[in-house]
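# Overview (structure and organization)
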Amino acid sequence: MIYKKKATLFIFFTLFALLFTGRVLAGSVDSPTIVETGGGRSQEPGSRFFIKGLTPANTEVLVYIDGVFVDFAKTGSKETESDSFYYEHQAVLAEENEIKLIARDKTSLVLSPPVEIKYIIPPLPAPTLVGPETGKTVGEPKPYITGLVDNWSFAHIYIDGVYNGKTEIVSHESGTANFAYKPFLNLSVGKHKVWAVAEDELGRKSGNSNILEFIIEPPMPAPTLLSPVINTQTKFDQPFIVGLAKNDSLIEVFIDNSSVGRFAVENHPSGAANFAFKAPVLARGSHSVYTTAADSRGKVSKNSNIINFSARQTVISEGAREEKDGLVGEIKEPSGKAESDKALVISSSGDIEKDEEGTIEEAGEKDVFGAVDESRENQGKLSANLIVFIIFLLAIIGWIFWVNRELAKEQKENKENPEDPLFPGENNDSPDKEEENKLF
C-alpha cells in the first residue's frame, strides 16, 4: 500500500514537472523583431509589400495576413544569438492589411508571442510628364508623350481635357518606369495641353500629373509625283520614282503601301528640288506609289498624289526590231487571224495599229499600193503559182482547138474519098460515124 502511494506521487510530480518545463520553454522563445517594411523590391508584377528583421537563433518566422497564414519568411544564420529574416508578398494586397509574425523553435516547435503591425498601402503617386516640353513647337502631328510612372502601373493620357488613351503596364528595377504614348489621331494645328493619371493593378488611381503645353505646326508641303521613268540606267522592274519636293526634305517612298526607302533631296535655288529614287526589284504586274516629306525636326507632310504603274517588260514590235537591224521595208507578224475586220495601221516606229475607218496608213506616207492579206503579203504582184496555172490553162484550151481542127480536116477528106475503107464516106450509115459526128 505504501509502495502504491509512492508510485502515485512519483507520477504526479513527473507530470507536473513536464508541464512546468513546457511552460518555461514556451516562454523562452522571443518574438521576432521587425527592422523595415515597405513596397515590393521584386521585379515580378504584383509585388507590393516586404518585411525584414531579426528572429532568435534556430527559429523560423510564420507570416499571417489578415489572420490567414500565407508563408514562412526566409531566414539566414549569422552564427549569433539572432538570425535575419526577409519576407516579400507576391500577391496583390488590399489598401489596409493586418500583418502578424510568430517565431517558432525548429527543434521543440515552441511558438513565440505574435508581433502585429498594420500595413497601409501608400497612395499611388501621380505620373511625371517629360515631353513634349512646355512651349515647344512640334512638327509631328502625332508627337510622343513621354513621362515617368510608379512600377507596375500605367498612365491614362488626356489631351485638351479629352481622354485619348492609355499606356501599357510598365516596370523597372529602380521602382520607377518610363513610358511613351503616341496619339492615335493627328492633332490639329495650334496649341495643345496634355496631362496624365496613373492606375495600378488594384484599380487605384493617382492625382493629375503636371501639365505640358506645346504647339503643332502646319504640316510639310506634300511632294508631287510624276510617272515612273525607265531608261538605260535601270530595268523595267526597277523604275525611277521621280517627283518634286521642298528643299531640305527627307523623302520616304511607299510602294504598295509599304515603305521601301528614305533619302534627302538635293536642294535647288528655286526652293523646289526634283528627286529620282530607284525602286527595288518589283514583281510583274500593277503597283502603286506615293511619298511623304519630313523636315529636320521630324515634321511629316501628308501623302503625295498616288501614281499607278505596271512593272512589265516593254515589247518591241517586229518592224521596229527590223528597222534597228537595217531591214526596213518588210514587216512580219505572227500567223493568226486578225482580231477584227478593221485594217491595220503601220506607225513610223514599225508598230502596227488598227485604223477606225478600216484603211491602211503608214506614218509619213498615206498611200500604200496593193492589198495586204492576213499573212501580211503584198498582193499587188501576181504570184508565180498563179502565172503557171494560167499558162497551163491556156495550153489546154489551145490543145482542144487543135484537136477539133484536125478532126474537121479528116471529115472533109472522107467526103472527098468515100471508098476509103479507113474513112467511110457520106453514104456509109455505120453507127461509128454517127457517134463521131455527134462528138464534133
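Within each chain, residues carry numbers counting from 1 in the order of the written sequence. Confidence filtering applies because this is a predicted model: local features only for residues at pLDDT of at least 70, side-chain atom pairs given and counted only at 80 or more, and all residues used for totals across whole chains, interfaces and linings. Heavy atoms throughout the structure, all of them, feed into the side-chain values; hydrogens and water do not.

On to a nonpolar patch on the surface, then. A cluster of nonpolar side chains, contributed by Leu386, Phe389, Ile390, Leu393, Leu394, Ile397 and Phe401, occupies part of the molecular surface with about 690 Å² of accessible area. The cut-offs for exposure are 20% and 50% of the maximum accessible area for each residue type, with area from a 1.4 Å probe on protein chains only; residues under the lower value are buried, those over the upper are exposed, and the others partly exposed. We classify Leu386 as partly exposed; its relative accessible area is 35%. Patch membership requires more than 30% relative accessible area and the absence of a salt bridge. Residues of like charge join within 9 Å; the nonpolar side chains Val, Leu, Ile, Met, Phe, Trp and Tyr join within 5 Å. For the area figures, the Shrake-Rupley method with a 1.4 Å probe applies, and any residue is considered shielded solely by the protein chains shown. Think of a salt bridge as a Lys or Arg side-chain nitrogen and an Asp or Glu carboxyl oxygen that are within 4 Å of each other.

In spatial order, the strands read β4-β3-β7-β8; together these 4 strands make up an open sheet with antiparallel pairing. Every other strand in the sheet has two partners, leaving β4 (68–72) and β8 (115–120) as the edge strands with one partner each. Sheet twist, expressed as the average angle between the axes of neighbouring strands with direction ignored, equals 30 degrees. With 7 bridges connecting them, strand β3 (residues 59–65) and strand β7 (residues 96–105) associate as antiparallel partners. By the bridge assignment, Leu62 is partnered in β7 with Ile102. Strand pairing is assigned whenever DSSP detects at least two bridges linking the two strands. Strands are runs of DSSP state E lasting at least two residues, helices are runs of H or I lasting at least four, and both sets are numbered from the N terminus onward. Axis lines are fitted to C-alpha atoms, over the contacting stretch for helices. Their N-to-C directions set the angle, which ranges from 0 to 180 degrees.

With that settled, the discussion passes to the sheet that holds strand β11 (residues 145–150). Within a sheet, neighbouring strands are paired by backbone hydrogen bonds and run either parallel or antiparallel to one another. One open sheet accounts for 3 strands, arranged β9-β11-β14; its pairing is antiparallel. The open sheet has two edge strands with one neighbour each: β9 (128–131) and β14 (176–181). Averaged over all pairs of adjacent strands, the angle between strand axes in this sheet comes to 25 degrees, irrespective of strand direction. In terms of strand pairing, β11 meets β14 through 6 bridges, oriented antiparallel. In the sheet register, Ile145 faces β14, and the bridge partner there is Tyr181.

Note on aromatic contacts: the rings of Phe and Tyr and the six-membered ring of Trp form a pair at centre separations within 6.5 Å, being stacked when their planes are under 30 degrees apart, edge-to-face when over 60 apart, and tilted otherwise. The full count for this structure, using the stated rule, is 8 aromatic pairs. A centroid spacing of 5.6 Å and a plane angle of 55 degrees characterise the contact between Phe263 and Phe275, whose relative ring orientation is tilted. Placement of Phe263 in strand β21 (residues 258–264) and of Phe275 in strand β22 (residues 272–278) is noted, with a sequence separation of 12 residues between them. Judged by relative accessible area, which is 18%, Phe263 ranks as buried. Following the ring pairs from residue to residue traces out a cluster consisting of Tyr64, Phe69 and Phe72.

Turning to the pairing of β3, a few remarks are in order. Within β3, 6 of the 7 residues are buried, which leaves the element mostly enclosed by the surrounding structure. Of the pairings in the sheet, the one linking β3 to β4 comprises 4 bridges and is antiparallel in character. Looking at β4, one finds that Val63 is bridged to Asp71.

Turning to unusual backbone geometry, a few remarks are in order. The omega angle of the peptide bond from Gly131 to Pro132 is 0 degrees, so this bond is cis rather than trans. If you trace the backbone, Pro132 turns up in the loop between β9 and β10 (136–138). Positive phi, close to 55 degrees, is recorded for Asp66, a residue that is not glycine. For Asp66, the position within the fold is in the loop between β3 and β4. Positioned with a positive phi, Asp256 is a non-glycine residue whose angle comes to about 55 degrees. You can see Asp256 is positioned in the loop between β20 (250–255) and β21. Here Asp256 falls in the partly exposed class, since its relative accessible area comes to 36%.

Inspection of the secondary structure puts His192 in strand β15 (residues 190–200). Of the residues examined, His192 reaches a relative accessible area of 4% and is grouped as buried. Each C-alpha atom, one on His192 and one on Asp160, is 6.0 Å from the other, the two residues being 32 residues apart in sequence. Only 2.7 Å separates the side chain of His192 from the side chain of Asp160, close enough to count as a polar contact. Between N or O atoms, a polar contact is any pair within 3.5 Å; within protein, one atom must be a potential hydrogen donor and the other a potential acceptor, and residues adjacent in sequence are included only when both atoms are from side chains.

The subject of this paragraph is the pairing of strand β12 (residues 153–159). With 6 of 7 residues buried, β12 lies mostly within the body of the structure. Direction of pairing for β12 relative to β15: antiparallel, over a ladder of 7 bridges. Paired with His156 across the bridge in β15 is Val197. Here β12 runs beside strand β13 (residues 162–166); their pairing, made up of 4 bridges, is antiparallel. Directly across from Ile159, in β13, lies its bridge partner Val162.

Taken by themselves, the reported measurements are silent on function.
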